[in-house]
Amino acid sequence: MRLRPMRSACAVLALCLTTAAGSAQAAIFNAETFVLENGMEVVVIPNHRSPVVSHQVWYRVGSADEPPGKTGIAHLLEHLMFKGTDKVPAGAYSRLVARNGGRDNAFTAFDYTGYYVNVAKDRLELAMTLEADRMVNLRLAEKDVLTERDVVLEERRSRTDNNPSALLNEQVRAALYLNHPYHNPVIGWASEVGSLSRADAEAFYHRWYAPNNAILVVAGDITAAELKPLAEKHYGAIPARTLPERVRNAEPPQVAARRVELRDARVRQPSWSRSYHAPSYNRDPDGLAYALQVLSEVVGGGATSQIYRSLVVDKELASSAGAWYDPTAIDTSTFGVYVSPRPGVEIAEVERAMEAEVAAILEKGVAPEEIERAKRRLQASAVYARDSLYTGANVLGTGVTTGQSVADIEAWPERIAAVTAGQVAQAARKVLDEKASVTGVLLPDGDKEGRS
Amino acid sequence: MTTIMRRLFLALAVAFLPALPAAAGPAVERVISAKGIEAWLVQDHINPIISMEFAFRGGSALDPADRAGLANMVSGLLDEGAGELDSYAFQKRLEDLSIDLSFSSGQDSFHGSLKTLTEHRDSAFSMMRIALTQPRFDDEPVQRIRSQILSGLAADLQNPSVVANRAWFALQFPNHPYGRPVKGTPESVKAITAADLRAFPAGAFGRDRLVVSVVGDITAEQLKPLLDQTFGDLPEKVGPPAVAFTAPKANGRVQVIERNNPQSVVVFGHEGIAREDAEWFPAYVMNYILGGGGFSSRLFTEVREKRGLAYSVHSGLSPFDYAPLIIGGVATANGRVAESLALIREEWRRMAEQGPTAPEMDDAKTYLTGSFPLQFDSVGAIAGILLAMQMDHLGIDYLEKRNALIEAVDADDVRDVAKRLLHPDRLAAVVVGQPDGLATH
């Protein structure tokens with residue numbers, strides 16, 4: 001039995017990529033791509049198991065593109081995209097999809113916003129009609145905006161305010177990014193979400209929603225040859241618009257280790273983590289992202305990993321422990337290690353033990369045979385990734401909107417295979433720098449000892 | 001409605017006629033091994049992947065009261081050492097062959113799950129065989145997994161949804177195993193001994209309780225010997241699970257569990273309908289309209305869409321083997337709990353008294369039939385469906401019949417079952433938070 005760390009909902013898609021992208025040989029997904037005349041990119045992932053498709057439109061805009069003081073507007077707009085056009089009144093979108101046997105939803109992250117409909121292949125054009133319509137024709141009523149804003153505030157309470165460990169994650173991130181907008185939670189700070197307006201949503205929509213800022217991803221029982229005329233018919237007629245430059249505040253050099261402790265009366269199980277700035281696929285001047293994936297797998301990927309063996313099995317200090325790394329981001333990403341103490345063990349003790357593990361990784365590196373084992377596991381995971389058509393669509397959508405090409409994504413297994421022990425050691429030295437880290441500690445309120 | 005809008009709806013109505021009962025799912029074969037072990041198989045050679053899902057009838061509800069959490073703890077330990085392999089060697093072999101092997105326990109059944117690449121097929125089934133027949137329960141993993149479960153139970157107390165759910169079952173089933181959590185309590189988990197763990201398989205893993213489904217890159221002839229190797233050494237008979245039929249007891253009660261949370265989490269529900277009941281499909285359609293239907297249900301429309309009271313609100317049929325239930329949930333700011341619950345009770349009453357409208361019936365049926373193939377998206381998902389079909393005694397031709405059964409439901413059927421099933425005065429609720437102005441009783 002393996003325990004995994006709790007992750008925020010926004011990290012779920014990224015997790016799909018880190019654990020599932022890749023393939024043993026050749027391309028993973030055999031995705032095909034083309035570009036419409038108006039600049040809209042199209043990615044097709046054939047998967048002919050069932051006569052169904054997943055139709056997805058991903059916009060190259062996310063919460064990290066919000067104007068100052070308007071945190072949460074990207075996500076509120078995602079909700080409001082279901083609130084009507086001239087042709088499809090508020091609430092009708094999902095009813096139409098459901099009436100046709102489809103399921104729809106949407107998601108917002110730091111770097112992208114996506115909308116999907118999973119539906120029988122013979123209803124694909126319904127999804128395209130509806131999605132193309134709301135790409136340009138959104139009409140918002142004041143009352144609907146205010147009601148949906150309340151829904152989003154409830155969503156924030158459910159995801160974050162009701163959950164001390166999510167509250168800590170939010171504080172850790174805010175400390176990790178001093179100036180870059182990854183500092184702010186995707187859902188927004190409650191005080192700012194509560195004053196977002198219809199005008200804010202419309203301004204964001206008109207600024208960023210356009211075919212030349214969108215990627216159509218269709219996975220399932222279809223080929224590029226079949227999709228192309230449909231894509232041209234439904235999306236090709238929408239004129240391109242001039243897009244603003246995507247300007248984000250730069251992160252200054254990190255010079256001081258930070259520590260964030262959340263003491264909360266609701267906490268019953270303490271936990272400890274350390275998050276480090278790390279390269280992403282897209283910002284990787286030293287070419288270390290793939291090596292970091294291997295490092296993460298070796299030191300903290302599972303029940304035989306170095307950290308789990310030491311802290312959980314041998315020293316009997318922790319009930320769970322491991323590492324995480326997600327290289328899908330436009331800007332700097334995060335590498336982290338985490339540990340939860342066993343009942344009766346002090347936080348300070350697991351912290352010391354984890355710091356010793358990190359020091360050992362830096363000093364001794366990791367065993368070459370463990371690197372080879374991890375590489376084989378990661379490559380095998382790519383075969384499994386082909387199975388579900390939804391996985392392929394998520395991996396391609398996430399990758400392309402965070403700066404990878406389809407070819408990059410398809411080449412993942414070879415790039416993992418090419419990682420050397422030297423690169424893994426170099427990546428560890430580069431990233432495991434306490435000055436560029438935030439330590440997050442979750443403790444019960446009033447417990448000075450941190451005893452669990 | 002503007003003209004343009006109507007035109008669009010008309011155009012859509014023409015272009016997209018209501019979904020016909022979609023093409024049936026994949027072809028299901030009944031495979032019977034030399035030793036008489038039955039499995040349902042769907043061959044799927046698209047990728048070199050094989051998935052097996054199986055279950056033994058009888059789950060955590062069979063745990064002794066002072067050992068609640070026993071089945072769950074066993075499920076965490078079967079992959080922590082078996083046969084000649086200690087915990088590390090077992091886990092290392094799984095990782096090196098990229099085999100996913102895991103177990104879990106629910107109230108009514110004990111599940112096993114295996115996923116492998118074709119090239120490691122025989123090793124994967126062999127690992128499953130020793131996990132089932134030769135688990136070691138060595139001291140180190142027993143203490144480690146126990147500590148993980150205890151940490152998990154502590155973390156659960158931070159999760160208001162889990163707290164509400166457990167309290168709701170405790171309130172409804174004070175003298176029945178369903179009132180005890182699958183994971184047990186800190187006291188019961190600490191009380192479980194190595195002898196309890198070692199004795200468990202012989203009493204639970206019998207071929208008379210076994211149900212198996214396999215999907216993926218394997219033929220019937222390849223599967224047969226693997227079934228015998230994996231399950232053939234299990235005892236032929238351990239007898240049916242002995243759990244008493246029961247009914248929920250907390251008629252209309254509302255319990256508040258104080259938590260310093262800005263939002264209250266509510267679980268509500270009452271007695272439901274058994275899976276084998278003749279009115280199951282009318283009830284299934286009814287629940288879709290009431291609170292099961294994603295973004296289109298009445299509860300969603302009234303509580304979220306119109307008033308913004310909640311992000312999530314839903315209801316669902318939970319046909320436990322010995323006490324069928326209908327259970328729902330909502331999470332709303334402390335000041336809005338009373339209003340939300342009143343709305344939910346009103347929708348319960350309206351459906352019970354008036355039944356569905358004709359458009360609601362049409363939409364429900366086209367959704368429930370048209371969306372069915374969306375579930376067949378991976379070998380594991382299909383194996384899970386085949387397993388559920390067998391657990392629920394649905395017949396091997398169920399995938400072909402299922403949409404016709406939904407098509408056959410009419411508004412009168414739904415009205416009748418709503419009247420029988422839904423009783424707003426009997427809705428029992430547990431609220432975790434600091435709700436304002438809520439009458440508790």
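What you are looking at is a predicted structure, and each value in this text was computed from that prediction instead of being measured.

The rules we used
Residues numbered from 1 in each chain as written. Chains lettered and ligands numbered in written order. Predicted model: local features only at pLDDT ≥ 70, side-chain atom pairs only at ≥ 80, totals over all residues. Heavy atoms only, no water. Helix = DSSP H or I, 4+ residues; strand = E, 2+ residues; numbered from the N terminus. Rg over C-alpha atoms; globule rule 2.2 N^0.38 Å. Contact = heavy atoms within 4.5 Å. Areas by Shrake-Rupley, 256 points an atom, 1.4 Å probe, with all protein chains shown as cover. Lys, Arg positive; Asp, Glu negative; His and termini not counted. Charge placed at Lys NZ, Arg CZ, Asp CG, Glu CD. Core = buried A, V, L, I, M, F, W, Y, C linked by side-chain atoms within 4.5 Å. Buried < 20%, exposed > 50% of the residue type's maximum accessible area, 1.4 Å probe, protein only. Domains from an automatic or database assignment. Buried area = accessible area lost by both parts, 1.4 Å probe. Salt bridge = Lys/Arg side-chain N within 4 Å of Asp/Glu carboxyl O. Polar contact = N/O pair within 3.5 Å; in protein donor to acceptor, adjacent residues only side chain to side chain. Nonpolar A, V, L, I, M, F, W, Y, C, P; charged D, E, K, R; others polar. Arc of directions from axis to C-beta. Axes fitted to C-alpha atoms, helices over the stretch in contact; angles between N-to-C directions. Parallel < 35°, antiparallel > 145°, perpendicular 65-115°, else oblique. Left-handed = near helix turned anticlockwise from the far one by under 90°. Pairing = 2+ DSSP bridges. Phe/Tyr/Trp six-rings, centres within 6.5 Å; stacked < 30°, edge-to-face > 60°. Lys NZ or Arg CZ within 6 Å of the ring centre and 35° of its normal.

Draft legend 1. Local environment of the overall build of chain A. For chain A, the count of helices and strands is 17 helices and 11 strands. Computed over its C-alpha atoms, the radius of gyration of chain A comes to 23 Å, within 12% of the 22 Å expected for a compact globule of 452 residues. Taking as baseline every contact in chain A between residues at least 6 positions apart, the subset at least 24 positions apart corresponds to 82%. In the structure as shown, chain A presents an accessible area of about 15800 Å², 52% of it carried by carbon and sulfur atoms. A gap of 2 Å separates the mean positions of the 51 positive and 56 negative side-chain charges of chain A.

Draft legend 2. Spatial organisation of the nonpolar core. Residues and elements named next belong to chain A. Counting 72 residues, the largest nonpolar core has Ile45, Val294, Leu295 and Phe335 as its most contacted members. At 8 residues, helix H10 (residues 289–300) tops the list of elements feeding residues into this core. Two domains each provide a minimum of three residues to this core, namely domain 1 (39–234) and domain 2 (258–444). Each residue touching valine 294, except ones within four places of it in the same chain, is listed here: Ile371, Ala374, Lys375, Leu378, Ile416, Val419 and Val424.

Draft legend 3. A look at the interface of chain B and chain A. Listed as interface residues are 77 residues of chain B and, on the opposing side, 76 residues of chain A. Note on chain B versus chain A: buried area summed over both sides is about 6600 Å², and carbon and sulfur give 55% of it. The tally of links between chain B and chain A comes to 9 salt bridges. With a shortest N-O distance of 3.2 Å, arginine 304 of chain B and glutamate 148 of chain A are connected by a salt bridge. For the interface between chain B and chain A, the tally reads 38 residue pairs in polar contact (both at pLDDT 80 or more). Its residues assigned to classes, the side of chain B that touches chain A shows 36 nonpolar, 24 polar and 17 charged.

Draft legend 4. Just helix H15 (residues 398–407) of chain B, in detail. Residue and element names in this part refer to chain B. Turning to H15, its buried residues are Tyr398, Leu399, Arg402, Asn403 and Ile406. For H15, the arc enclosing every buried residue in end-on projection is 130 degrees, short of the 170-degree limit, so these residues lie on one face. The inward-facing, buried residues of H15 abut helix H10 (280–292), helix H13 (358–370) and helix H14 (379–391).

Draft legend 5. Expanded view of the side chain of glutamate 351 of chain A. By secondary structure assignment, the location of glutamate 351 of chain A is in helix H12 (residues 347–364). If we skip the residues at most four places from it in the chain, glutamate 351 of chain A touches Arg259, Trp272, Arg274 and Thr439 of chain A.

Draft legend 6. Molecular detail of the packing of helix H2 (residues 73–80) of chain A against helix H8 (residues 198–208) of chain A. Residues and elements named next belong to chain A. Contact geometry for H2 and H8: axes closest at 9 Å, N-to-C directions at 90 degrees. The orientation of H2 relative to H8 falls into the category roughly perpendicular. Contacts between H2 and H8 involve Ile73, Ala74, Leu77 and Leu80 from the former and Asp200, Ala201, Phe204 and Tyr205 from the latter.

Draft legend 7. Seen up close, the domain arrangement of chain B. All names here are of chain B. Each domain of chain B was delimited in the assignment, giving domain 1 (29–231) and domain 2 (254–433). Centre-to-centre separation of domain 1 and domain 2, based on C-alpha positions: 29 Å. The interface is formed by 35 residues belonging to domain 1 together with 32 residues belonging to domain 2. Taking both sides of the interface into account, the surface hidden between domain 1 and domain 2 amounts to around 2900 Å²; carbon and sulfur atoms contribute 76%. Run the count over domain 1 and domain 2 and you get 0 salt bridges.

Draft legend 8. Highlighting the packing of helix H3 (residues 87–96) of chain B against helix H4 (residues 121–133) of chain B. All names here are of chain B. Two elements in contact, H3 and H4, have axes whose closest approach is 11 Å; the angle formed by their N-to-C orientations is 155 degrees. Judged by the inter-axis angle, H3 sits roughly antiparallel to H4. For the element pair H3 and H4, the recorded crossing hand is left-handed. Judged by residue contacts, Phe90, Arg93 and Leu94 of H3 engage Ser123, Met127, Ile130 and Ala131 from H4.

Draft legend 9. Molecular detail of the pairing of strand S5 (residues 109–117) of chain B. Residues and elements named next belong to chain B. Sheet topology places strand S3 (residues 49–57) next to S5; 9 bridges connect them, and they run antiparallel. Bridge pairing in S5 places methionine 52 opposite leucine 114. The pairing of strand S4 (residues 100–105) with S5 spans 6 bridges and is classified as antiparallel. The residue of S5 that forms the bridge with leucine 101 is leucine 114. In this antiparallel pair of consecutive strands, S4 and S5, the connection spans 3 residues.

Draft legend 10. Seen up close, the side chain of aspartate 144 of chain A. Residue and element names in this part refer to chain A. Positionally, aspartate 144 belongs in helix H5 (residues 142–161). With no salt bridge to any partner, buried aspartate 144 finds its closest opposite charge in lysine 143, at an N-O distance of 4.3 Å. Beyond its immediate chain neighbours, meaning those up to four positions away, aspartate 144 contacts Leu80, Lys83 and Ala90.

Draft legend 11. Seen up close, the packing of aromatic side chains. In this structure the tally under the stated criterion is 37 aromatic pairs over all chains. With 6.0 Å between their ring centres and 80 degrees between their planes, tyrosine 59 of chain A and tyrosine 115 of chain A make a pair best called edge-to-face. Of this pair, tyrosine 59 of chain A sits in strand S3 (residues 52–59) while tyrosine 115 of chain A sits in strand S5 (residues 113–120); the two residues are 56 residues apart in sequence, bridging distant segments of the chain. Of the two residues, tyrosine 59 of chain A and tyrosine 115 of chain A, neither departs from the other in class, the shared state being buried. Site record: aromatic cluster; members linked through ring pairs are Tyr59, Phe82, Tyr93, Tyr115, Tyr205 and Tyr209 of chain A together with Phe295 and Phe300 of chain B. The ring centre of phenylalanine 82 of chain A lies 4.4 Å from the NZ or CZ of arginine 134 of chain A, which sits over that ring.

Draft legend 12. Fine view of the pattern of salt bridges. Overall, the coordinates contain 64 salt bridges over all chains when judged by the stated rule. Glutamate 434 of chain A is the salt-bridge partner of arginine 274 of chain A, the closest N and O atoms lying 3.8 Å from each other. Here glutamate 434 of chain A lies in the loop between helix H17 (421–431) and strand S11 (437–444) and arginine 274 of chain A lies in strand S8 (residues 271–278), a separation of 160 residues in the sequence. Residue arginine 274 of chain A is classed as buried on the basis of its relative accessible area, which comes to 4%. You can call glutamate 434 of chain A partly exposed: its relative accessible area is 41%. The closest approach of N and O atoms between glutamate 80 of chain B and arginine 144 of chain B, which form a salt bridge, is 2.9 Å. Of this pair, glutamate 80 of chain B sits in the loop between helix H2 (70–77) and H3 while arginine 144 of chain B sits in helix H5 (residues 139–156), placing them 64 residues apart in sequence. As far as the burial class goes, glutamate 80 of chain B and arginine 144 of chain B line up, both buried. In the salt-bridge network here, residues are joined through shared partners; they are Arg259, Glu261, Arg263, Arg274, Glu351, Glu355 and Glu434 of chain A.

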